[in-house]
Amino acid sequence: MSKGKTQAPTVIHKVIMVGSGGVGKSALTLQFMYDEFVEDYEPTKADSYRKKVVLDGEEVQIDILDTAGQEDYAAIRDNYFRSGEGFLCVFSITEQDSFQATNDFREQILRVKSDENIPFLLVGNKMDLEEKRQVSIEDATARAQQWNVPYVETSAKTRANVDKVFFDLMRSIRVKKQATPSSGGGKKQSNTGGGKDKRKKKKCIIL
Amino acid sequence: MIPLDIVAVVRKRSQGGEEELQKLQHEVGQLAENTALALKKNVYKNYSQFIETAKEISSLQGEMYQLSHMLTDQKSIMNAMIEMSITGHNGEGPEETDEGVGPGEDDTQKHLAFLLEKVEGCSGVTEVPGRHLVHDGDLLEIESESFTTVQKLHAFLLNDSLMLTTWLPHRRGPVKYRLQCLYELDSLAVVNARDMGGVKNAFKILMFPDTRMFQAETPKAKGQWLDILEETKKKKAALDTQRKEAAAAAVADRKSAVSNADVEPPTERSRNSILESELLHADWLQEAPEDLDVAIAQRDFEGAVDLVERGNEHLDGCPKGQAVREYRARIELRIKQLTEVLKQELQVSPERSIRGGPRCARRAVTQLIRLGKSSQACDLFLKNRTAIIRYNIRQLKIEGNTSLYVKRLCLVFFDNLLETGKEFMKAFPQHFGCFSGFVVWTKSEMLYFVTTFASQVFANKTNFTIVAECVAEARTHCNKVSEIGLEMTFTFDRLMASDVERLIQEAGDFQMEAVKHRCSEDQWRPVNHLNHMLQVKFEDEMKDIGLTTIGDFTYGVCFTWLTQNSVQFTKSYVSLCVDMLKMYNPNQHHLVTAAFSEIISAQLRHADRSISSHKFPDQETVILKNAEFLVQCLAPLVQSKYQAVTGQPCSALDHLQATLKKIRRAASTASQC
Ligand SMILES: Nc1nc2c(ncn2[C@@H]2O[C@H](COP(=O)(O)OP(=O)(O)O)[C@@H](O)[C@H]2O)c(=O)[nH]1
Ligand SMILES: [Mg+2]
């Protein structure tokens, strides 16, 4: 009964990696998934991964959507963001611009999810490159406090804090789900403000 | 003769004054009379050819109508194709110049016309100008969380959207798929399922609130899908930005044009875009798409069509730029919906009452015509009528009474036909292409009628008299619909010909058998009516049939010269002739007269043989009297009946006189020895 597709559906936590290009979203994801550091990973596509993990003794699945590139249409980006239950908002501590960009991502996510308390971690990656640091811990922590989210520094290269960010986020998602009993493994997001999405729904014309 | 000559002749003749002119008038009048007479004679002389020609003309007319119908169809297909290829080019966007359609570009254009044949319900998708197919393939949809199979799909990637179609469970013809939904690429989020545990070759589409997961057959197929999706989205995005920039440039242009008006006239192109955006700016025009939605929802079809017409009129005055094309596409989408709704009005469905009658359909038809969909309207209207006719006919209960059933059948069918015709003329005035469609329709309905008719009348061994009555009944109705200009009699006769001819043949053969049988047992004993009352009754009976001179063949108080055989023959022969004449049509001329002649000849031959064989030496007077009765009393009756119906003499019976002479001669020689 413990193996195979026939077993009772486990809970799926849906995580989305956001952040500027080159900050290490894919590197973090691959490190978490396969325990390896990939030097150059093709930056174009949005990839998704599924993995069984044990979260505080409970077997769950994590679904990671590793976004990529700059989408040409805000509507597309919104559709990605809508599918997530929690967000790892990544910047590189070696790149000031990527830190600035996190503001935009935060704003876009809040607009789509319309929930200030959406599970969310601010992640400063590439902490192994201390000598190239451009973003101070103080600045990052200040922003995290302002958003009322945790700040964690990671290294996809050394694997420092990699598991931590994913598991912390999943815990936060789990808490959220328990608070709003809408999660039954259904694929649809029902905890979002429906009002904003009326326009979008029109776009699927089922005849 | 050359007109000049006439003038000269008239001038010359008119010089003689009034008298001369009156003479001339008289001459001309006589000439006209003679010509008319000659024509009449010729008609009679060539009667059968005349009939033949009339028939040919009628069927030619029918064929012409059918041809015209087919041509209209072809034309609309051609138009649709031209339309598609034109819009296909225009929709490509700014990178294409207006005039230069480079060689080979046509090959790369993939139009959507073929989709209509493959995908049920996709006409709304294909009608958007500039849309074309980029990629397509089979995909298996799986549930995005449990990975269980959902359904088999076929996906079509268009240049601006992704169309998902399901497989039709029962495939009919070339249509394989049914449209499920259409996702616009503007908001389509695609996700590569890189590692999903056991699931291979999968990708996801996020389209709030849907998360859908698909499985391609091979890694290569999946890669293709992702690459092409990505590329197409990029292309579309690039195109959109270009357009936006062009529009922004146009606005900037205008601003500069306003500030230094005389310095530099705006280019033709930018002037057009300015004009365009201004023309499109009218409030009512901006609200038209939404207003249309409302009107359609409220079933205010007239209002909706009014709005469409007003919009089209307005847009016709605008330059055909990108903005107008896009606006038009929005309107077209509504027109499409409106058309669908109107078509549904005409659709016959079990849940809708069928007895609405054609007047109910007129409202929808009128609006469809205004939308320029007259041929679709015509099609649906007629289909609707077909369904109503079928329904009404099915309602007829078969009561085992064939002639009653046929009477009702004719009434229902031809009343409906008439009603449809009248309604059709009202609904489609001046639509001649549609009218030919109507003629074609009547032909096919007639076929249905005849099939129903035949299955009732000919299938079981129906009495010949009843068959004749039924055929005559139907023919009367056929003649009646000529009041709306429909020629149905020829069609009916043509469709019935083989059955009717077979029946005539069979009835004739049957009677021949009877003749033989009766004659073999005939002893040439005249009928004795025993008393005068019965004698009178017999005479009356014969007179009723039309044999007014029957008195010549009776004598005494209760005697007649006629034998039982002759009396029986007379009754059945006259009845057969009457029946045959009831269903007579000119094509059966030979068949009918041959039957008339053959049967009575056989009966007369019996008399001839009986005399010449000297088997009945004492009965020769009786034999002769009976022969005379046949030739001089019965045959003329049948001939006059024939002439009354057909207008022609029945010369086929003339030869009986000769046989009678021969019998007389034989009788006199017999009595001499
Ligand atoms: N030294 C170091 N390099 C990293 C780290 N994370 C990512 N990189 C490198 O940064 C580049 C971009 O990483 P990638 O994961 O592709 O970034 P993405 O665009 O956010 O997915 C790659 O060359 C990675 O090897 C890290 O933690 N330390
Ligand atoms: Mg990446």
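Quick caveat, the model's predicted, so the values are computed rather than measured.

Novice: Sorry, what's going on with the overall build of chain B here?
Specialist: When helices and strands are counted, chain B shows 22 helices and 11 strands. In chain B, which comprises 673 residues, the proportion classed as buried is 43%. A total accessible area of about 35800 Å² is found for chain B, and carbon and sulfur atoms account for 56% of it.

Novice: Looking at this structure, I do not really get the interface of chain A and chain B. What am I missing?
Specialist: Interfaces are often sized by the accessible area lost when the parts come together. Contacts between the two partners involve 35 residues from chain A and, on the opposite side, 38 residues from chain B. Across the interface of chain A and chain B, roughly 3300 Å² is buried in total on both sides, 54% from carbon and sulfur atoms. Where chain A packs against chain B, one counts three salt bridges. A salt bridge links B:E145 to A:K14; the nearest nitrogen and oxygen atoms lie 2.9 Å apart. Summed over the shared surface of chain A and chain B, the number is 17 residue pairs in polar contact (both at pLDDT 80 or more). When residues of the side of chain A that touches chain B are traced back to their parent elements, those giving at least two are β1 (12–19), α1 (25–34), β2 (47–55), β3 (58–66) and α2 (74–82) of chain A. The element that contributes the greatest number of residues to the side of chain A that touches chain B is α2(A), accounting for five residues. The pairing of β2(A) with strand β6 (residues 189–195) of chain B spans three bridges and is classified as parallel.

Novice: What am I meant to see in the site of ligand 1 here?
Specialist: Residues and elements named next belong to chain A. Close to ligand 1 lie 19 residues; G22, S26, A27, E39 and A156 are nearest. Between ligand 1 and the protein, one listed contact pairs an oxygen atom with a backbone N or O atom of V38 at 3.4 Å. D128 places a polar side-chain atom, nitrogen or oxygen, 2.8 Å from a nitrogen atom of ligand 1. Relative to its unbound accessible surface of 570 Å², ligand 1 loses 84% to contact with the protein. By residue number, the principal contributor to the shell around ligand 1 is α1, which donates three residues.

Novice: Would you explain the pattern of salt bridges in this entry?
Specialist: What the rule picks out here adds up to 38 salt bridges over all chains. For A:E85, the salt bridge is made with A:K177, and the minimal N-O distance between the two is 3.1 Å. With A:E85 in the loop between α2 and β4 (86–92) and A:K177 in helix α5 (residues 162–179), this pair connects stretches of sequence that are 92 residues apart. On the basis of relative accessibility, which here comes to 17%, the residue A:E85 falls in the buried class. Using a relative accessible area of 13% as the deciding quantity, one classes A:K177 as buried. When the shortest N-O distance is used, the salt bridge between B:E541 and B:K571 registers 2.8 Å. Placement of B:E541 in helix α18 (residues 532–545) and of B:K571 in helix α19 (residues 564–582) is noted, with a sequence separation of 30 residues between them.

Novice: Help me out: how do you make sense of the side chain of A:S48 in this one?
Specialist: Mapped onto the secondary structure, A:S48 falls in strand β2. On the basis of relative accessibility, which here comes to 1%, the residue A:S48 falls in the buried class. Setting aside residues up to four positions removed in sequence, A:S48 forms contacts with A:D63, A:I64, A:L65, B:V191, B:N192, B:A193, B:R194, B:D195, B:M196 and B:K204.

Novice: Mind showing me how you'd approach the packing of aromatic side chains here?
Specialist: The relation between two aromatic rings is expressed through the spacing of the ring centres and the mutual angle of the planes. Per the stated rule, a full pass over the model turns up 30 aromatic pairs over all chains. Plain terms: the ring middles of B:F414 and B:F449 are 5.1 Å apart, the flat faces sit at 70 degrees to each other, and that makes the pair edge-to-face. Highlighted residues: B:F414 in helix α14 (residues 402–427) and B:F449 in helix α15 (residues 432–457), separated in sequence by 35 residues. According to the relative accessible area criterion, B:F449 is buried, its value standing at 0%. Through a chain of ring-to-ring contacts, three or more aromatic side chains come together here, namely B:F381, B:F424, B:F428, B:F435, B:F438 and B:W441. Against the face of A:F32 rests A:K51, its NZ or CZ located 5.2 Å from the ring centre.

Novice: Where do I start with the packing of α2(A) against helix α3 (residues 96–113) of chain A in this structure?
Specialist: Helix-helix packing: each pair is described by the crossing angle between the helix axes and the interaxial distance. Residue and element names in this part refer to chain A. At a minimum axis separation of 9 Å, α2 and α3 run at an interaxial angle of 75 degrees. Judged by the inter-axis angle, α2 sits roughly perpendicular to α3. The residues of α3 that touch α2, namely those facing R77, D78, F81 and R82, are F105, Q108, I109, R111, V112 and K113. The residue makeup of the contact of α2 with α3, split by class, is four nonpolar, one polar and five charged.

Novice: How should the sheet that holds strand β9 (residues 526–528) of chain B be read in this particular structure?
Specialist: Hydrogen bonds between backbone groups are what pair the strands of a sheet, and the pairing can be parallel or antiparallel. All names here are of chain B. What the three strands build is an open sheet, ordered β9-β11-β10; its pairing is antiparallel. Where the open sheet ends on each side, the last strands, each with one partner, are β9 and β10 (554–555). Pairing of β10 with strand β11 (residues 559–563), which is carried by two bridges, proceeds in the antiparallel orientation. In the sheet register, T554 faces β11, and the bridge partner there is T560. Contacting β9 and β11, helix α21 (residues 620–646) runs over the sheet at an angle of about 75 degrees to β11.

Novice: Looking at this structure, how should I read the side chain of B:R328?
Specialist: Residues and elements named next belong to chain B. Tracing the chain through its elements places R328 in helix α11 (residues 322–346). A distance of 3.4 Å separates a polar atom in the side chain of R328 from a polar atom in the side chain of N312. Ignoring anything within four residues of it in the chain, the contact list for R328 reads N312, L315 and D316.

Novice: Sorry, what's going on with the packing of helix α17 (residues 489–520) of chain B against α19(B) here?
Specialist: Residues and elements named next belong to chain B. At a minimum axis separation of 11 Å, α17 and α19 run at an interaxial angle of 175 degrees. Regarding the angle of α17 to α19, the classification is roughly antiparallel. Residues I504, A507, G508, Q511, V515, R518 and C519 of α17 form the contact with α19, whose own contacting residues are N565, Q568, F569, S572, Y573, L576 and M580. When the residues that make up the contact of α17 with α19 are grouped by side-chain class, the tally is eight nonpolar, five polar and one charged.

Novice: Help me out: how do you make sense of the nonpolar core in this one?
Specialist: Here is a general trend for soluble globular proteins: nonpolar side chains tend to be buried in one another's company. All names here are of chain B. In this structure, F428, F449, F453, Y573, F596 and L634 are the most contacted members of the largest nonpolar core, which totals 125 residues. Per-element accounting of this core gives the leading share, 13 residues, to α21. Setting aside its immediate chain neighbours within four residues, F449 contacts L409, C410, F413, F414, A474 and F492.

Novice: Even after reading the chapter, I still don't get helix α20 (residues 589–612) of chain B, so can you show me in this structure?
Specialist: Two residues of an α-helix separated by three or four positions point the same way, owing to the 3.6 residues in each turn. Counted at 1.5 Å a residue, the expected span for α20(B) with its 24 residues is 34 Å, and the 34 Å between its end C-alpha atoms agrees. Positive backbone phi, approximately 55 degrees, marks B:H614, located one or two places after α20(B).

Novice: Just checking my understanding: could you explain the pairing of β1(A) for this structure?
Specialist: All names here are of chain A. The element β1 is extensively covered by neighbouring structure, given that eight of its eight residues are classed as buried. The side-chain alternation of β1 yields two buried faces, one formed by I12, K14, I16 and V18 and the other by H13, V15, M17 and G19. Across six bridges, the pairing between β1 and β3 is parallel. Directly across from V15, in β3, lies its bridge partner I64.

Novice: Would you mind showing me how to read the confidence of the model for chain A here?
Specialist: Interpretation of the predicted coordinates at a detailed level should be avoided for regions scoring low in pLDDT. Residue and element names in this part refer to chain A. Within chain A, residue pLDDT values average 85, and 83% of them lie at 70 or more. Note that residues 1–6 has pLDDT below 50 and, in this model, two contacts with residues that lie over four places away or in other chains. Overall, residues 183–207 carries pLDDT values under 50, and its contacts beyond four positions in sequence, including any with other chains, amount to 47 contacts.

Novice: Is there a simple way to think about the environment of B:L157 in this case?
Specialist: All names here are of chain B. Along the chain, L157 falls in strand β3 (residues 149–158). We classify L157 as buried; its relative accessible area is 0%. On a C-alpha basis, the gap between L157 and W225 in space is 8.9 Å, while along the polypeptide they are 68 residues apart. Once you skip the residues sitting within four places of it in the chain, L157 turns out to touch H132, L133, V134, H135, L162, L185, W225, I228, L229 and T232.

Parameters at a glance
Residues numbered from 1 in each chain as written. Chains lettered and ligands numbered in written order. Predicted model: local features only at pLDDT ≥ 70, side-chain atom pairs only at ≥ 80, totals over all residues. Heavy atoms only, no water. Helix = DSSP H or I, 4+ residues; strand = E, 2+ residues; numbered from the N terminus. Buried < 20%, exposed > 50% of the residue type's maximum accessible area, 1.4 Å probe, protein only. Areas by Shrake-Rupley, 256 points an atom, 1.4 Å probe, with all protein chains shown as cover. Contact = heavy atoms within 4.5 Å. Buried area = accessible area lost by both parts, 1.4 Å probe. Salt bridge = Lys/Arg side-chain N within 4 Å of Asp/Glu carboxyl O. Polar contact = N/O pair within 3.5 Å; in protein donor to acceptor, adjacent residues only side chain to side chain. Pairing = 2+ DSSP bridges. Near = heavy atom within 4 Å. Phe/Tyr/Trp six-rings, centres within 6.5 Å; stacked < 30°, edge-to-face > 60°. Lys NZ or Arg CZ within 6 Å of the ring centre and 35° of its normal. Axes fitted to C-alpha atoms, helices over the stretch in contact; angles between N-to-C directions. Parallel < 35°, antiparallel > 145°, perpendicular 65-115°, else oblique. Nonpolar A, V, L, I, M, F, W, Y, C, P; charged D, E, K, R; others polar. Core = buried A, V, L, I, M, F, W, Y, C linked by side-chain atoms within 4.5 Å. Expected span 1.5 Å × (residues − 1). pLDDT = per-residue confidence, 0-100.

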